[in-house]
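Descriptive analysis of the structure
Letter by letter, the chains look like this.
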Amino acid sequence: MYLVEEAAQLADRVFQLWIRAPQVARHARAGQFLIVRAHENGERIPLTISASRGDAVRVIFMAVGKTTGYLSTLKKGDVLSDIVGPLGKPSEIKKYGTVVVIGGGVGIASTPIIAREAKEAGNHVIGICGSRNKDLLILEDEMAAICDELFITTDDGSKGIHGFAASVLEQLLKERKIDCVWIVGPAIMMKVTSNVTRPYGVRTFVSLNPIMVDGTGMCGSCRVTVGGETKFACVDGPEFDAHQVDFDSLMQRQRMYVDEEKASVEHHHHGGCGCCGSEQR
Amino acid sequence: MTASRAVREVRDFNEVNRGISAENAVFEALRCLDCVRPTCVTGCPVGIDIPAFVQQVAAGDFAGAVATIKRDNMLPAICGRVCPQESQCEGACILGKNEKPVSIGALERFVADWEREHGMTLPGTAAPSGRRVAVVGSGPAGLTAAAELARFGHAVTVFESLHEAGGVLTYGIPNFRLPKEIVRAEIDQVKRLGVEIRLNHLVGRSVSPDELLSYDAVFLGTGAGLPYFMGIEGENLNGVYSANEFLTRVNLMHADCFPAFDTPVKRGCNVVVVGGGNVAMDAARVARRLGGEVTLVYRRREEDLPARAVEIENARAEGVHIVCCANPVRVVGEKNVQAVECVRMSMCELDESGRPKPSSIEESNFLIEADVFIEAIGQGPNPLLVSMLPQLDRAQRGNVVVDADGQTTLARVYAGGDVATGAATVIWAMGSAKKAAAAIDRILRKE
């Protein structure tokens, strides 16, 4: 059992948990993830490791499905059945020169740990945090404390620059020499944003988030096409060269269980939580 | 194809083979000739004293029989179910020359089940040696190595990356062939020997190579968990699974009980499975239970099917259509699988394995309607840990190179089971693990 040490809501439907998992926390590096199975009947879902501190790790997620919905109800002192990690290859951090670390939406969760390690490796680190509006923006202070420069963008202009992270990136690329870029966010955002760096030939990493089961290279559920080859995101990634990734295939595979997810949430709502008076679990 | 055979409509995951009664067990055991030079034992990869236990069954001493087995095999209820006895002990039985061999597997299973119902007893263990051994993986090889090493008196820690122990016994072999409560009961026995199993520990990630090598000795039983894909067009369409994924979703995650359990699986109205081994049969039979019409496509002839005869028979009886001499060349669909395009195969000269080498016949392509396509064409060793120990020599397919004792090219590190031999059977994994455990014990005692 894995103890929830802290639980908090960061934004609309966005939550953070600090979970005690020594074997994960002690080995976690930027870019890696963990797999959580919340309870005995639970599914295994991957979540990026957003930070680690002593024996605890932090995960940040948006409550959109059955498992994330359940996780969002957890309080300090609650427990999770299973946590395994850190999984996947760590980010390829080294001294590049000037790096840009971009987070989109809840993907911002992955950026402080990357920015921090990049900074420690001697890079000039520029952060870009993009969200739909100011209420969905997370970890601004944390990124501001780590990065040499930080840009905030919102789709509706309610905070920072009115527009997308991609526009800020484009401007930066025009103005100065950028040596490496990380982009973490929804697949469509990573696709669009990484297209910006393509003509400049700037090394660009994206962190892919396909559906996984074991997360250890055993099932192939997370296979993605990179440079025309099939790769397993769980062991070959999750970070890949953005300009080689087939995002359309990724997005299609992410939607494989859309109908089942609806059924699952429905089932959960009408039989699991007890909020509406029916107890079936 | 055999038509007009009654199809057994199965929708549950209860065990298909119900075993034999005590009375029948005694009768069966009485058939044993108690040969002076028994050949059955030579056919057993873990060297169970088969004549002794069979004679004990004949005398009605079931407790004695199971104790005899457990001297050499801590997982008798599992082996009694999944061992290919027809090509091992029973295949070597003298009676088999003229009539049916003694049903050694059924007897092993019977006494193991009898013991589980009547209270399990533990074999003796040696005094604590003060030495620590790490075992990586809790499948058949890891469990066997762990049990042996614990009985030798060593402190054993098993690292398992999943949330349940058992490896392929848990995620791979379906309940209807190997009930999970039996797997759990036999794993409990291993734990009662003093073995500590740390779940959710992926060695190479949650446990660093240095931490692993800080033990006095290491046994790698990481299995063959990396699924091979055919590399054909359309393979990443929604609805295409490796057999590993399909079976894991159902066996480990209970997707058959979705949405009561959270993990979904595509049930499929028309399921195509490619492959001819036991894993392919398992996947096909699971797909049948999930309600699909199932076609299994195999590239060689029917007589070349590598699966056990009994599994092929069960698959057929449950309504799996087996199409031989055919091979998928393309998965057809836009987003989801709509059909599997196959080509007919002709058999040419024999290859190095003594089987005919199949080659595709031009313009013989045909479509099988499908919404789920499962590839069961084999597995290789999971490369993660092995790649983190660069001192380990590896053979062509990534298998860890070991000597006759299971010793790898890295001092104090041994390996057994599929990671060393390539994908094989549960009992071969156990046999190689047992040898490695004995070798580890020898080096630890010498020091």
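**Focus: the overall build of chain B**
Along its length, chain B carries 16 helices and 16 strands. Across its three principal directions, the C-alpha atoms of chain B cover 65 × 55 × 50 Å. Counting the 447 residues in chain B, one finds 59% classified as buried. Partitioning the contacts of chain B with sequence separation of at least 6, the portion at a separation of at least 24 is 70%. When the accessible area of chain B is evaluated, it comes to approximately 17,800 Å², of which 51% is carbon and sulfur surface. Here chain B carries 47 positive and 55 negative side-chain charges, and the mean point of each set is 2 Å from the other.

**Considering the confidence of the model for chain B**
Across chain B, pLDDT averages 92, with 99% of residues at or above 70. Scored as a complex, the prediction yields pTM 0.93 and ipTM 0.91.

**Describing helix α1 (residues 22-30) of chain B**
Residue and element names in this part refer to chain B. Within α1, the full set of buried residues consists of A25, E28 and A29. Taken down its axis, α1 places every buried residue within 100 degrees of arc, on the same side. Exposed positions of α1 whose direction lies more than 90 degrees from the buried face are E23, F27 and L30.

**Considerations on the interface of chain A and chain B**
Chain A puts 46 residues into the contact, and the matching count from chain B is 42 residues. Interface area, chain A with chain B, both sides summed: about 3,700 Å², of which 52% is carbon and sulfur. Applying the counting criterion to the chain A and chain B interface returns two salt bridges. The interface formed by chain A and chain B includes 27 residue pairs in polar contact (both at pLDDT 80 or more). Of all the secondary-structure elements, those providing two or more residues to the side of chain A that touches chain B are α2 (66-71), β8 (82-87), β15 (223-226), β16 (229-232), α8 (247-254) and α9 (258-271) of chain A. For the side of chain A that touches chain B, the class distribution of residues is 14 nonpolar, 20 polar and 12 charged.

**Here's the deal with the sheet that holds strand β14 (residues 372-375) of chain B**
Residue and element names in this part refer to chain B. Taken in spatial order, the five strands make up an open sheet running β6-β14-β7-β8-β9, and their pairing is parallel. This sheet does not close on itself; its edge strands, each paired only once, are β6 (240-242) and β9 (321-323). In this sheet, adjacent strand axes meet at a mean angle of 20 degrees when their direction is disregarded. Direction of pairing for strand β7 (residues 270-274) relative to strand β8 (residues 293-297): parallel, over a ladder of five bridges. Looking at the pairing, N270 lines up with E293 of β8.

**Regarding the pattern of salt bridges**
Residue and element names in this part refer to chain B. If you walk through the whole model with that rule in mind, you get 47 salt bridges over all chains. The salt bridge partner of K191 is D188, with a shortest N-O separation of 3.9 Å. Remark: D188 and K191 occur in helix α9 (residues 180-192); sequence separation between them is three residues, near one turn of the helix. Residue class for K191 comes out partly exposed when judged on its relative accessible area of 41%. Relative accessible area serves as the criterion here: at 38%, D188 is assigned to the partly exposed category. Close ionic contact of R330 with E341 constitutes a salt bridge, the shortest N to O distance being 2.7 Å. In this pair, R330 sits in strand β10 (residues 326-333) while E341 sits in strand β11 (residues 337-350), placing the two residues 11 residues apart along the sequence. Overall, E341 belongs to the buried group, its relative accessible area being 13%. Among the ionic contacts, a cluster of salt bridges with common partners joins R8, R177, D282, R285, R289, E311 and E318.

**Here's the deal with the packing of helix α5 (residues 165-175) of chain A against helix α6 (residues 187-197) of chain A**
Residues and elements named next belong to chain A. At a minimum axis distance of 9 Å, the contact between α5 and α6 shows a crossing angle of 10 degrees. In terms of axis orientation, α5 runs roughly parallel to α6. Here A166, L169, E170 and L173 of α5 come into contact with α6, specifically with T193, V196 and T197.

**What about the domain arrangement of chain B?**
All names here are of chain B. Annotation of chain B at the domain level lists domain 1 (16-118), domain 2 (132-225 + 380-446) and domain 3 (229-377). If you average the C-alpha positions of domain 1 and of domain 2, the two centres end up 26 Å apart. Each side of the interface is counted separately: domain 1 has 21 residues, and domain 2 has 26 residues. In total, domain 1 and domain 2 occlude about 1,900 Å² of area from one another, counting both sides; carbon and sulfur atoms represent 70% of this. The largest per-residue losses of area from domain 1 upon contact with domain 2 belong to M74, L75 and I78, which jointly make up 32% of the total buried on that side. Taking the shortest distance from any N to any O, the salt bridge between K434 and D72 comes out at 3.0 Å. At the junction of domain 1 with domain 2, the criterion picks out seven residue pairs in polar contact (both at pLDDT 80 or more). The set of elements that each furnish at least two residues to the side of domain 1 that touches domain 2 consists of α4 (76-82) and α6 (104-118).

**Some details on the pairing of β8 of chain A**
Residue and element names in this part refer to chain A. Among the six residues of β8, six are classified as buried, and the element is accordingly described as predominantly covered. Here strand β3 (residues 33-37) pairs with β8 via four bridges, running antiparallel. Each bridged residue has a counterpart across the sheet, and for V36 the counterpart in β8 is I83.

**Let's talk about the packing of aromatic side chains**
Scanning all chains against the criterion turns up nine aromatic pairs over all chains. Note on F15 of chain A and F61 of chain A: the rings are 6.1 Å apart at their centroids and 20 degrees apart in plane angle, and the pair reads as stacked. Taken together, the residues F15 of chain A in strand β2 (residues 14-20) and F61 of chain A in strand β6 (residues 56-62) connect sequence positions 46 residues apart. Like F61 of chain A, F15 of chain A is buried. With 5.7 Å between their ring centres and 70 degrees between their planes, F62 of chain B and W114 of chain B make a pair best called edge-to-face. Placement of F62 of chain B in helix α3 (residues 62-70) and of W114 of chain B in helix α6 is noted, with a sequence separation of 52 residues between them. Under the relative-accessibility criterion, F62 of chain B is labelled buried at 11%. On the accessibility criterion, W114 of chain B (23% relative accessible area) is partly exposed. Here the aromatic residues Y96, W182 and F205 of chain A are joined through ring pairs into a cluster of three or more. Over the aromatic face of F176 of chain B sits the side chain of R289 of chain B, whose NZ or CZ is 3.6 Å from the ring centroid. Over the ring of F366 of chain B we find R344 of chain B; its NZ or CZ atom is 4.2 Å from the centre of that ring.

Here is what the cut-offs are and how they apply
Residues numbered from 1 in each chain as written. Chains lettered and ligands numbered in written order. Predicted model: local features only at pLDDT ≥ 70, side-chain atom pairs only at ≥ 80, totals over all residues. Heavy atoms only, no water. Helix = DSSP H or I, 4+ residues; strand = E, 2+ residues; numbered from the N terminus. Buried < 20%, exposed > 50% of the residue type's maximum accessible area, 1.4 Å probe, protein only. Contact = heavy atoms within 4.5 Å. Areas by Shrake-Rupley, 256 points an atom, 1.4 Å probe, with all protein chains shown as cover. Lys, Arg positive; Asp, Glu negative; His and termini not counted. Charge placed at Lys NZ, Arg CZ, Asp CG, Glu CD. pLDDT = per-residue confidence, 0-100. Arc of directions from axis to C-beta. Buried area = accessible area lost by both parts, 1.4 Å probe. Salt bridge = Lys/Arg side-chain N within 4 Å of Asp/Glu carboxyl O. Polar contact = N/O pair within 3.5 Å; in protein donor to acceptor, adjacent residues only side chain to side chain. Nonpolar A, V, L, I, M, F, W, Y, C, P; charged D, E, K, R; others polar. Pairing = 2+ DSSP bridges. Axes fitted to C-alpha atoms, helices over the stretch in contact; angles between N-to-C directions. Parallel < 35°, antiparallel > 145°, perpendicular 65-115°, else oblique. Domains from an automatic or database assignment. Phe/Tyr/Trp six-rings, centres within 6.5 Å; stacked < 30°, edge-to-face > 60°. Lys NZ or Arg CZ within 6 Å of the ring centre and 35° of its normal.

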